[in-house]
Amino acid sequence: MNTVSENIFQELDFFAVSFALGILLVLVYDCLRIFRGIVRHRTLWISLEDLCYWIMTAFATFAMLYQKNDGLIRGFAIGGVGLGMLLYNQLISRYTVPYIVRFLKKVIHIVEKAAYFLLTPFRKASKAVADKGTLLQNKSRKIKKYCKNRLKKMQNEIKIGLTKK
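Here's a quick rundown of the structure. (Residues numbered from 1 in each chain as written. Predicted model: local features only at pLDDT ≥ 70, side-chain atom pairs only at ≥ 80, totals over all residues. Heavy atoms only, no water.)

## A short note on the environment of V107
Spelled out, the test is: Each helix corresponds to a stretch of at least 4 residues labelled H or I by DSSP, and each strand to a stretch of at least 2 residues labelled E; elements are numbered beginning at the N terminus. Exposed residues in this analysis have more than 50% of their type's maximum accessible area, buried residues have under 20%, and partly exposed residues fall in between, with area computed by a 1.4 Å probe over protein chains only.
In this fold, V107 is placed in helix α3 (residues 75-118). Among the residues examined, V107 registers a relative accessible area of 33% and is labelled partly exposed. Once the C-alpha coordinates of V107 and E157 are considered, the two residues, 50 residues apart in sequence, prove to be 72 Å apart.

Right under this line is the structure:
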């Protein structure tokens, strides 16, 4: 038989796990918000991402309830998840997500500039090759046009020669 203090300790452990799950769920959603801040989304994609997030959240909450409390839904467990989500969102997430998005955008901008600088010789070389290809294409068009005109002249000369006889 469990003593009262052991029961209280188990309930406190259950509440702490619920609270930690709430923090983890908002942390995952913050990653999604950071991704959205870097890559612009349309409403349809945002809705699908949110739907997947909430399905994952439901499974995670159910798994926690199943493991810690044999699947019984208890109000203070849901309250612990909600409280963890609320406190993390208000105290940490609100201030960190915008700064992380700005920082990552700057990093991406620097990487893009570096890639542009490093790839400049390749861009110039490909442009030179493309220009030579255009030059060859123009020459081949002129040769094709010249051959076509010569063949038409020969055809007309043959027709004239055949009709004179």
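## Things to note about helix α2 (residues 43-69)
Defined as follows: Multiplying one less than the number of residues by 1.5 Å gives the expected span of a helix.
For α2, with 27 residues, the first-to-last C-alpha span of 38 Å sits near the 39 Å given by 1.5 Å per residue. Among the residues of α2, E49, D50, Y53, T57, T61, M64, L65 and N69 are the ones counted as buried. Trailing α2 by a residue or two, D70 shows a phi angle of about 55°, which is positive.

## A closer look at a nonpolar patch on the surface
The line we're drawing: Here a patch means residues that are over 30% exposed by relative accessible area and free of salt bridges, tied together within 9 Å if like-charged and within 5 Å if nonpolar (Val, Leu, Ile, Met, Phe, Trp, Tyr). Only the protein chains shown count as cover for residues, and all accessible areas are computed by the Shrake-Rupley method using a 1.4 Å probe. The salt bridge definition used is simple: a Lys or Arg side-chain nitrogen within 4 Å of an Asp or Glu carboxyl oxygen.
A cluster of nonpolar residues, L44, W45, L48, L51, I55 and F59, forms a patch on the protein surface that exposes about 660 Å² of accessible area. Tracing the chain through its elements places W45 in helix α2. Given the relative accessible area of 52%, W45 is considered exposed.

## Side note on the environment of V81
Condition: Here, two residues are considered to be in contact whenever any of their heavy atoms come within 4.5 Å of each other.
With respect to the secondary-structure elements, V81 resides in helix α3. On the accessibility criterion, V81 (7% relative accessible area) is buried. On a C-alpha basis, the gap between V81 and L24 in space is 9.4 Å, while along the polypeptide they are 57 residues apart. The contact partners of V81, leaving out residues within four places of it in the chain, are S18, F19, L21, G22, L25 and M64.

## Quick word on the pattern of salt bridges
All chains considered together, the criterion is met by four salt bridges. Between R36 and D50 there is a salt bridge; the shortest N-O distance is 2.7 Å. Taken together, the residues span a long stretch of sequence, with R36 in helix α1 (residues 4-38) and D50 in helix α2 at a distance of 14 residues. Sharing partners across several salt bridges, the network here consists of R36, E49 and D50.

## Things to note about the packing of aromatic side chains
Put simply, the test is: To pair, rings of Phe, Tyr and Trp, with the six-membered ring standing in for Trp, must have centres within 6.5 Å; the planes then decide the type, stacked if under 30 degrees apart, edge-to-face if over 60, and tilted in the middle.
In total, this model carries five aromatic pairs according to the counting rule given. Measuring from ring centre to ring centre gives 4.8 Å for Y29 and Y53, while their planes differ by 55°; the resulting arrangement is tilted. Of this pair, Y29 sits in helix α1 while Y53 sits in helix α2, and the two are 24 residues apart along the sequence. Looking at Y29, the relative accessible area reads 22%, which means it is partly exposed. Among the aromatic side chains, those forming a connected cluster through ring pairs are F14, F15 and F76.

## Considerations on the state of the cysteines
The test is simple: Whenever a pair of cysteine sulfur atoms sits within 2.5 Å, that pair is classed as a disulfide.
The final tally for this structure, using the stated rule, is zero disulfides. The thiol sulfur of C31 is not disulfide-bonded, and the nearest other cysteine sulfur, from C52, lies at 16 Å.

## Section: a positive patch on the surface
The test is simple: By the counting rule applied here, Lys and Arg register as positive and Asp and Glu as negative, while His and the ends of each chain are not counted. Charge positions come from single atoms, namely NZ of Lys, CZ of Arg, CG of Asp or CD of Glu.
On the surface, a cluster of positive charge is made up of R141, K144, K148 and K152. By the element assignment, K152 lies in helix α4 (residues 120-164).

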